[in-house]
Amino acid sequence: MKTPNRADTGAALRLAGVIRESMVDGPGLRFVVFAQGCPHACPGCHNPETHNFAGGYDTTVDNVLAAIDENPLLCGVTLSGGEPFAQAGAFAQLARAAHERGLDVFCYSGYAFETLRAGRDWLPLLREVDTLVDGPFLLPEKTLTLPFRGSRNQRLIDVPASLAAEQVVPRTLDAPNVAFDSPHRNRFS
Ligand code: SF4
């Protein structure tokens, strides 16, 4: 029997892949979903195969949730890419359903927070994100020392607080000192 009042979860997704358990794509044990398709074309991106919107494979939010539901140890879901906001409607469904399960939502985007906040089609997903790493990967700003970021221009943002304050509020994480060589690493194939 379908649970009443739960969010719709039937939307189609185009994915590059998933990682069922990760400790380095946000704090704690996480399920990572890599969107297929990215308009940013950052020089030095380690996942060029995720750029083509016709690449990857088709699935649904329901299929991803079924995989998430197999693991009771998860504390959150990470949306990566590719560009999750290029499929904002479907990822908003996924993020909303993750929250209904008590999971937090960590998201990467090549767009700046201010750009996403101004985008009517992007706001429903932004409102379901707890922590955002924003902005493109910039090779001259590359760093291996900032947790969960690949270049120094990228910000770790507390999205609910930022939406309420109408300005960026940094997220402080009690995170391990994890080094990255790209914001969107190729580990799903
Ligand atoms: S680093 Fe991220 S935003 Fe930039 S091209 Fe690669 S997948 Fe897209």
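In this report, we go over the structure that sits alongside the text. Every value quoted in this text rests on a predicted model; they were computed, and no experiment measured them. (Residues numbered from 1 in each chain as written. Predicted model: local features only at pLDDT ≥ 70, side-chain atom pairs only at ≥ 80, totals over all residues.)

1. What to know about the overall build of the chain
Our working rule: Helix numbering and strand numbering both begin at the N terminus, where a helix is a DSSP run of H or I of at least 4 residues and a strand a DSSP run of E of at least 2. Contact criterion: two residues are in contact if their C-beta atoms, reconstructed from the backbone, are within 7 Å.
Counting secondary structure elements, the chain contains five helices and seven strands. Secondary structure elements of the chain, listed N to C terminal, follow the sequence β-β-β-α-β-α-β-α-α-β-β-α. Sequence separation of 24 or more characterises 70% of the internal contacts of the chain that already satisfy a separation of 6 or more.

2. What about the environment of Val77?
Condition: Buried residues are those with 20 or more other C-beta atoms within 10 Å of their own C-beta, exposed residues have 12 or fewer, and partly exposed residues lie in between; C-beta atoms are placed from the backbone.
With respect to the helices, strands and loops of the structure, Val77 is situated in strand β4 (residues 76-80). Note on Val77: 28 C-beta atoms within 10 Å, which makes it buried. Residues Val77 and Pro27, spaced 50 residues apart in sequence, show a C-alpha to C-alpha distance of 10.0 Å. Ignoring anything within four residues of it in the chain, the contact list for Val77 reads Arg30, Phe31, Val33, Ile68, Ala98, Leu103 and Val105.

3. As for the environment of Tyr57
Here Tyr57 lies in strand β3 (residues 57-60). A residue is classified by how many C-beta atoms lie within 10 Å of it, and Tyr57, with 10 of them, is exposed. In sequence terms Tyr57 and Leu15 are 42 residues apart; their C-alpha atoms lie 5.6 Å from each other.

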